[in-house]
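Below, each chain spelled out in residue letters.
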Amino acid sequence: MNRNLSQSASLRVDLHTHTTASDGALSPAELYALQREAGNDLFAITDHDTLDGYDSLAASLADDGPRLVPGIEFSTVWRKREIHIVGLGFDPADDSIRALVAAQYHRRIDRARRIGERFDYLGIKGAYEGAMALADGGIPGRPHFARFLINGGRVGDMDTAFRRYLADGKPAACRTDWPGVEEVAGCVKQGGGVAVLAHPAAYELTRTKLRELLADFSAAGGGAIEVAVPGVNPDQQAHFARLGCEFGLKGSAGSDFHDPGQFWRHPGRVPALPEGIDPVWQYWV
Ligand code: MN
Ligand code: MN
Ligand code: MN
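Each residue is numbered by its place in its chain's sequence as written, counting from 1. Starting at A for chains and at 1 for ligands, labels are handed out in the order in which the entities are written. Reporting in this predicted model follows two pLDDT cut-offs: at least 70 for local features of residues, and 80 or more for side-chain atom pairs to be given and counted; totals over whole chains, interfaces and linings ignore these cut-offs and use all residues. As a convention, hydrogens and water are excluded, and side-chain values are obtained from all of the structure's heavy atoms.

Colleague: Where do I start with the overall build of the chain in this structure?
Modeller: Counting from the N terminus, the helices are DSSP H or I runs at least four residues long and the strands are E runs at least two residues long. Scanning the chain from N- to C-terminus turns up nine helices and eight strands. Here the chain holds 285 residues, and the buried ones make up 52% of them. We call two residues in contact when some of their heavy atoms are within 4.5 Å. Across the chain, the fraction of contacts at a sequence separation of at least 24, relative to all contacts at a separation of at least 6, is 71%. Only carbon and sulfur atoms are counted for the fraction: they give 48% of the accessible area of the chain, which is about 13300 Å². Only four residue types enter the charge count: Lys and Arg as positive, Asp and Glu as negative, with His and the chain ends excluded. In plain terms, the charge of a residue is placed at NZ if it is Lys, CZ if Arg, CG if Asp and CD if Glu. The distance from the centre of the 30 positive side-chain charges to the centre of the 37 negative ones in the chain is 7 Å. Between buried and exposed lies partly exposed: a residue is buried under 20% and exposed over 50% of the maximum accessible area for its type, with that area taken using a 1.4 Å probe on protein chains only. Reported accessibility uses the Shrake-Rupley method at a 1.4 Å probe radius. Residues are deemed covered only where the shown protein chains occlude them.

Colleague: Please clarify how the sheet that holds strand β7 (residues 224–228) should be interpreted in this entry.
Modeller: In a beta sheet, neighbouring strands pair by backbone hydrogen bonds and run either parallel or antiparallel. Two strands pair under a simple rule: DSSP has to find at least two bridges between them. Read across the sheet, five strands follow the order β4-β5-β6-β7-β8 without closing on themselves; strand pairing throughout is mixed. Looking along the sheet, the strands with just one partner apiece sit at the ends: β4 (71–78) and β8 (250–253). Neighbour-to-neighbour, the strand axes of the sheet open up by a mean angle of 40°, direction not taken into account. Pairing of β7 with β8, which is carried by four bridges, proceeds in the parallel orientation. By the bridge assignment, I225 is partnered in β8 with G251. Here an angle of 0 to 180 degrees is reported between the N-to-C directions of two axes, which are lines fitted to C-alpha atoms, with helices fitted over the stretch in contact.

Colleague: Looking at this structure, how should I read the coordination of the manganese ion (ligand 1)?
Modeller: For a metal bound by four donors in a tetrahedral arrangement, the ideal donor-metal-donor angle is 109.5 degrees, while six donors in an octahedral arrangement ideally sit at 90 or 180 degrees. Each metal's donors comprise the N, O and S atoms found within 2.8 Å of it (within 3.2 Å for Na, K or Ca). Water is not part of the atom list, so some coordination spheres may appear incomplete. Bound to the manganese ion (ligand 1) on the protein side are D23 (OD), H48 (NE2) and H258 (NE2), at distances that span 2.1 to 2.2 Å. Look at where the donors of the manganese ion (ligand 1) fall in the sequence and you get D-x24-H-x209-H. Taken as a pair, the manganese ion (ligand 1) and the manganese ion (ligand 2) show a spacing of 5.7 Å. A residue pair is termed long-range when its members are at least 10 positions apart, and H48 in the loop between β2 (42–44) and α2 (52–58) and H258 in the segment after β8 qualify at 210 residues. Of the two residues examined, H48 and H258, each falls in the buried class.

Colleague: Sorry if this is basic, but what is going on with unusual backbone geometry here?
Modeller: We note that R79 has phi near 45°; this positive angle belongs to a residue other than glycine. As for its placement among the helices and strands, R79 is situated in the loop between β4 and β5 (81–88). One non-glycine residue, D256, lies in positive phi territory at about 55°. Secondary-structure assignment places D256 in the segment after β8. For D256, a relative accessible area of 11% translates into the label buried.

Colleague: Teacher, can you tell me more about the coordination of the manganese ion (ligand 2) here?
Modeller: Within the protein, the atoms that donate to the manganese ion (ligand 2) are E73 (OE), H84 (ND1) and H199 (NE2), at distances of 2.1 to 2.2 Å. Between the donor residues of the manganese ion (ligand 2), the gaps in sequence give the motif E-x10-H-x114-H.

Colleague: Whenever I open this one, the sheet that holds strand β3 (residues 67–69) confuses me. Can you help?
Modeller: Pairing in this open sheet of three strands is parallel, and the strands run β1-β2-β3 from one edge to the other. Looking at the sheet topology across the chains shown, the edges are occupied by β1 (13–14) and β3. Where β1 and β2 come together, two bridges link them in parallel fashion. Within β2, the position partnered with V13 by the bridge is L42.

Function cannot be inferred from these measures alone, as they are strictly geometric.
In structure tokens:
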């Protein structure tokens with residue numbers, strides 16, 4: 001059963017996943033069962049701006065299953081664009097990490113309040129309270145507001161909720177003052193972890209802009225780039241691996257799992273890391 005953990009390149013890993021602590025469909029324990037079933041050796045829960053899912057699972061792990069690496073996905077900003085930074089392998093008790101998580105919590109609650117006020121203004125009452133109840137102790141995000149609209153019969157589905165109200169530029173969309181890429185990358189490094197540029201293909205950056213982002217990210221202490229991600233073809237993966245090497249970064253791999261219904265981003269479908277870039281997980285095996 002036990003694979004040789006020293007063969008880090010051949011390990012099966014999934015270093016980007018979500019649970020019900022943010023916008024995932026499975027509880028941390030259910031995600032763990034899925035990771036086990038997928039045959040992964042090492043995984044991380046990287047919920048959006050919260051450690052709640054990680055904390056609850058870390059306290060109750062079986063010895064013989066996949067290993068859990070501390071993780072989180074921070075929302076950050078770089079030149080007015082929202083950029084996601086995955087933090088991995090930090091000290092979960094680190095004060096600066098916990099302070100950043102608390103600051104993100106307040107930013108998200110504040111945004112939820114402002115979205116609620118927009119709905120109020122639009123004549124849709126009780127949206128904040130409704131989304132709060134649907135978030136079930138977590139922070140209400142746009143999907144919770146969408147669910148509130150669906151449950152109230154105001155729209156038929158998520159897509160329509162976003163298209164009419166919640167997508168950027170729509171009447172209930174609110175911007176958040178996320179911290180800069182540099183601040184977050186520095187904080188993760190300070191906390192003993194590795195900052196990973198998440199899903200580099202998702203930002204629709206030109207090649208020049210992506211290089212500028214990587215230069216800033218690596219200068220601020222960023223340590224890795226997601227290379228092996230579902231939905232990114234092998235040529236693109238090789239491109240990201242070359243770029244990573246050029247900027248002194250390790251390569252990471254993860255499904256960005258949210259929901260078992262999305263079969264294309266599943267813990268069992270994380271591509272292997274291409275040759276030529278060191279795996280970021282070499283730090284934890
Ligand atoms: Mn998400
Ligand atoms: Mn993301
Ligand atoms: Mn994610």
